[in-house]
Amino acid sequence: MLEASPNYGYQFEYWDVGGTIYYDNPLSLTVSSNLTITAVFSELPKYYISVDVSPSGAGKILLDGTELVLPCTVEAYEGDVLTLEAVPNEGYRFLYWSDGTNNYTDNPLSFTVPASNITLVAYFEPIPVYVVSVDVTPSGVGKVLIDGVEVSLPYTAEYYEGTQITIEGIAVDPLYKFDHWEVDGQIFYDNPLSLTVSSNTTVLCVFVEKPQYTVSILMNIEGAGTIYLNGQEVTFEGYLFREGEVITLEATPNRGYKFSFWDVNGTIYYDNPVNITVTEDLSIVCNFEALPEYYITLKIYGMGDVNVNGITYSGDPETLYKEYQIKFYEGEKVTIEPEVYVPLFVDKIVIDGVEYEPFSVILSPTANSTVEIYVGKLVLVELNVEGEGCIEYDGILECLFPTSYSEAVGYQGKSISLKSYHTENSTFSHWEITIYDYLGNEETLTLTDNPTTFDLSMKYDKVIVKAVFITTETATTETTTSEQGLLDKVQSWWGGLSTTYRILIVSGGLLFILIILLSLAPSLERRRRR
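Quantities reported herein were computed from a predicted structural model and do not represent experimental measurements.

A.B. asks: How should I be thinking about the overall build of the protein in this particular structure?
C.D. replies: A count of helical and extended segments in the protein gives 2 helices and 47 strands. Out of the 530 residues in the protein, the part that is buried amounts to 37%. Of all intrachain contacts in the protein linking residues separated by at least 6 positions in sequence, the fraction that spans at least 24 positions is 64%. Of the roughly 29400 Å² of accessible surface on the protein, a fraction of 48% belongs to carbon and sulfur atoms.

Below is the structure:
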């Protein structure tokens, strides 16, 4: 199989096969002997295409994308396809192509070269120019942008026919708004507005004064909170605003309420604060919701104060018990802080049966609750004696006087035990108990029981306990159980003292008591052996 492909500018003519001519292409041959085969081509005829524009200087011509220098003559072979594009200069527009016989309106134009020379001319015509005038009414209340650029008013400019422009009216006076365009008497409401220039045109941008609207603001529950309009508290019902103004509403609920929603002409808004654009008369209702109420039962045992959210509640110093009912609302934080000072102290805090550390506590009530504050007090107890003897105080023997104890007394009080021990030369007479209360009053009690108990009260600040002994003229011959017990305890006590303390006791004038007690030892020992 043989096939001949001509290069550009040539065409296939025939095959010469050993002197035999064949015009088929491709060609099929059966080879039976040596052959000489020749493919014969011929050059295509060239033709000339003359290209120009009319009127001269009205535009340019591109051949396959390349600009030609006009006038121009192009060589081409018959059948070549040329792509020609006529590009008008400013102020002109393309009309058609003409080869002298036929007119072509396609642009770009695909032109097949005929078997002859030819002239192609691109014809243009001048574009008509029109005047566009623009202004606003009322004067000074707005501005006009043409293709996004602000123009000075009144504005006049020339435009070629067919030019598209975009005009936009913007109010600069806050009391006015855009209303419509008047274009050669026709009304248009689009803004921005696109115009195609086709004649002399007069454009008027019309602004109108914004209407005023009434904004009425109420709340659903009187006294449930405060409403703020643009940052100012609402104090009356009706307000006037221009169309398009944006107002800001904010609700602040009072204690016991929470904000729920805004009802604006039937439309519900849950945002707080909320921004509303005024486009009509508005009836606005701020809706609050009452919070559930809960009560804290505050019980103060003993004296002292308790601060609850800045309010002080005091215990009763007479009955040593005080109860308060305090109302709170759901979600409200409640800080309970005992305010007691030395000699008072907080023993414990119990909330709904659960004991907490004796410090401030913070609650967020979701139900009724009971808070119990237990307050104690440190009462100073001073021991002293008159005469010869010792005191056993709550099981502790004291023979150095005066001596003091700081007792932690609860709201229900505290009982202390007292027992006196006399010497061989003395006998117990009675107790003198002097009480100083928190009001500064003084009272002295006389008790004769030995041993005895005595109740301390939170009402006391200080208590002086004095054991009064009477000196006897002659000593008894028998040692009582009390005397023997005293002797044993004193000997044990003395043996536990350091040398320094013993010297201090002697130098303090207590030596004679020690001598008397020690002198009893042999006699007591003889009687014990009997």
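Continuing now.
A.B. asks: Please clarify how the sheet that holds strand β4 (residues 46-54) should be interpreted in this entry.
C.D. replies: Paired through their backbone hydrogen bonds, the strands of a sheet run either parallel or antiparallel. Spatially, the 5 strands line up as an open sheet ordered β7-β4-β12-β9-β10, and their pairing is mixed. The two strands at the open ends of the sheet, each matched to only one other strand, are β7 (72-77) and β10 (103-104). For β4 and β7, the ladder comprises 6 bridges, and the chain directions are antiparallel. Residue Lys46 lies in a different strand from β7, and its bridge partner there is Tyr77.

A.B. asks: Looking at this model, I keep getting lost on the sheet that holds strand β2 (residues 20-22). Mind explaining?
C.D. replies: Strand order across the open sheet formed by 3 strands is β2-β1-β3, with antiparallel pairing between neighbours. With partners counted over all chains shown, the strands left at the sheet margins are β2 and β3 (37-43), one partner each. Going across the sheet, the axis of each strand differs from the next one's by a mean of 30 degrees, ignoring polarity. With 3 bridges joining them, strand β1 (residues 10-17) and β2 adopt antiparallel strand pairing.

A.B. asks: Please explain the pattern of salt bridges as it appears in this structure.
C.D. replies: Think of it this way: side chains of opposite charge can pair up when their charged atoms draw near. Evaluated as defined, the whole model comprises 12 salt bridges. Residue Arg255 pairs with Glu332 through a salt bridge whose shortest N-O separation is 2.6 Å. Placement of the pair is Arg255 in the loop between β26 (246-253) and β27 (257-264) and Glu332 in the loop between β34 (321-329) and β35 (334-339), with a sequence separation of 77 residues. Residue Arg255 is classed as partly exposed on the basis of its relative accessible area of 48%. With a shortest N-O distance of 3.8 Å, Glu318 and Lys459 are connected by a salt bridge. Of the two residues, Glu318 is situated in the loop between β33 (311-314) and β34 and Lys459 in the loop between β46 (452-456) and β47 (460-471); the sequence distance between them amounts to 141 residues. The exposure class of Glu318 is partly exposed, given its relative accessible area of 47%. Accessibility expressed as a relative area gives 26% for Lys459, which makes it partly exposed.

A.B. asks: Hey, could you run me through the state of the cysteines in this one?
C.D. replies: A disulfide bridge is the covalent bond that connects two cysteines by way of their sulfur atoms. Applying the stated rule across the entire model yields 1 disulfide. One disulfide bridge connects Cys390 with Cys399, the sulfur atoms lying 2.0 Å from each other. Linking Cys390 and Cys399, the disulfide has an S-S dihedral of approximately 120 degrees and is accordingly described as right-handed. Given the relative accessible area of 13%, Cys399 is considered buried.

A.B. asks: So what exactly am I meant to see when it comes to the packing of aromatic side chains here?
C.D. replies: Ring pairs (aromatic) are described by centroid distance and by the angle formed between their planes. Counted by the stated rule, this structure contains 21 aromatic pairs. With a centroid separation of 6.3 Å and 85 degrees between ring planes, the pair formed by Phe178 and Phe207 is classed as edge-to-face. Here Phe207 lies in strand β21 (residues 201-209) and Phe178 lies in strand β18 (residues 176-183), a separation of 29 residues in the sequence. Considered together, Phe178 and Phe207 belong to a single accessibility category, that of buried residues. An aromatic cluster of at least three residues, connected via ring pairs, comprises Tyr301, Tyr321, Tyr374 and Tyr411. Sitting over the ring of Tyr374, Lys348 keeps its end group 4.8 Å from the ring centre.

A.B. asks: What should I look at first to understand unusual backbone geometry in this one?
C.D. replies: Backbone geometry follows two general trends: most residues other than glycine have a negative phi, and most peptide bonds adopt the trans configuration. The omega torsion across Leu70 and Pro71 is -10 degrees, close enough to zero to call that bond cis. Positionally, Pro71 belongs in the loop between β6 (66-67) and β7. Of note, the bond from Asn191 into Pro192 is cis; its omega dihedral lies within 30 degrees of zero at 5 degrees. Tracing the sequence through the fold places Pro192 in the loop between β19 (186-188) and β20 (193-196). Phi angles above zero are rare outside glycine, and Leu320 is one such case at about 60 degrees. Mapped onto the elements of the fold, Leu320 is located in the loop between β33 and β34.

A.B. asks: Got a minute to help me understand a nonpolar patch on the surface in this structure?
C.D. replies: A contiguous nonpolar patch, built from Val31, Leu35 and Ile37 and spanning about 270 Å² of accessible area, is present on the exposed surface. Residue placement: Val31 occurs in the loop between β2 and β3. By relative accessible area, Val31 is classed as exposed at 64%.

A.B. asks: Help me understand the environment of Leu383 in this model?
C.D. replies: Mapped onto the secondary structure, Leu383 falls in strand β39 (residues 369-386). In the structure, Leu383 is positioned 81 residues away from Ile464 in sequence and 6.1 Å away in space, judged by C-alpha atoms. Dropping the residues within four chain positions of it, Leu383 is found in contact with Ile391, Tyr393, Glu398, Phe401, Pro402, Thr403, Tyr405 and Val465.

A.B. asks: For this particular structure, what's the right way to read the nonpolar core?
C.D. replies: For soluble globular proteins, nonpolar side chains are generally found buried alongside one another. Grouped together as the largest cluster of nonpolar side chains are 45 residues, with contacts concentrated most on Leu298, Val308, Ile336 and Val371. With 7 residues, the single largest contributor to this core is β39. Excluding anything up to four places from it in sequence, Leu298 contacts Val306, Val308, Tyr313, Lys322, Glu323, Tyr324, Ile326, Val371 and Ile373. Among the nonpolar cores identified, the runner-up in size contains 23 residues, and Ile49, Leu84, Phe111 and Ile118 belong to it.

A.B. asks: For this particular structure, what's the right way to read the pairing of β39?
C.D. replies: Residues in a regular strand project their side chains so that they alternate between the two faces of the sheet. The buried fraction of β39 is high, at 13 of 18 residues. When strand β31 (residues 293-301) meets β39, the two strands line up parallel, connected through 6 bridges. Bridge pairing links Ile300 to Ile373 in β39. Relative to β39, strand β36 (residues 344-351) runs antiparallel, the two sharing 7 bridges. Residue pairing in the sheet places Ile351 in a bridge with Val371 of β39. Where β39 lies against strand β42 (residues 403-409), 7 bridges are found, and the strand directions are antiparallel. The partner of Glu382 across the bridge, within β42, is Ser404. Pairing geometry for β39 and β47, over 7 bridges, is parallel. Across the sheet, Val385 pairs through a bridge with Ala467, a residue of β47.

The rules behind the values
- Throughout, residues of each chain are indexed from 1 in the direction in which the sequence is written.
- Since the coordinates come from a predicted model, pLDDT governs what is reported: local features require at least 70, and pairs of side-chain atoms require 80 or more to be given and counted, while whole-chain, interface and lining totals use all residues.
- Based on all heavy atoms of the structure, the side-chain values leave hydrogens and waters out of the count.
- Each helix is a run of DSSP H or I of at least 4 residues and each strand a run of E of at least 2, with the numbering of both proceeding from the N terminus.
- Partly exposed residues are those whose accessible area sits between 20% and 50% of the maximum for their type, while under 20% is buried and over 50% is exposed, using a 1.4 Å probe and protein chains only.
- Contact definition: two residues touch when any of their heavy atoms are within 4.5 Å.
- What sets the accessible areas is the Shrake-Rupley method with a 1.4 Å probe; for residues, cover comes only from the shown protein chains.
- At least two DSSP bridges between two strands are required for those strands to pair.
- Lines are fitted to the C-alpha atoms to define the axes, a helix being fitted only along its stretch in contact, and any angle between axes, read from their N-to-C directions, falls within 0 to 180 degrees.
- Basic side-chain nitrogens of Lys or Arg form a salt bridge, by our definition, when they fall within 4 Å of a carboxyl oxygen of Asp or Glu.
- For the purposes of this analysis, a disulfide is any pair of cysteine sulfur atoms at a distance within 2.5 Å.
- Any two rings among Phe, Tyr and Trp, with Trp reduced to its six-membered ring, count as a pair given centres within 6.5 Å; such a pair is stacked if its planes are under 30 degrees apart, edge-to-face if over 60, and tilted if neither.
- Any Lys NZ or Arg CZ that is within 6 Å of a ring centre and within 35 degrees of that ring's normal is treated as a charge sitting over the ring.
- Patches draw on residues past 30% relative accessible area with no salt bridge. Two like charges within 9 Å are joined, as are two nonpolar side chains (Val, Leu, Ile, Met, Phe, Trp, Tyr) within 5 Å.
- In this text, buried Ala, Val, Leu, Ile, Met, Phe, Trp, Tyr and Cys residues form a nonpolar core when linked through side-chain atoms within 4.5 Å.

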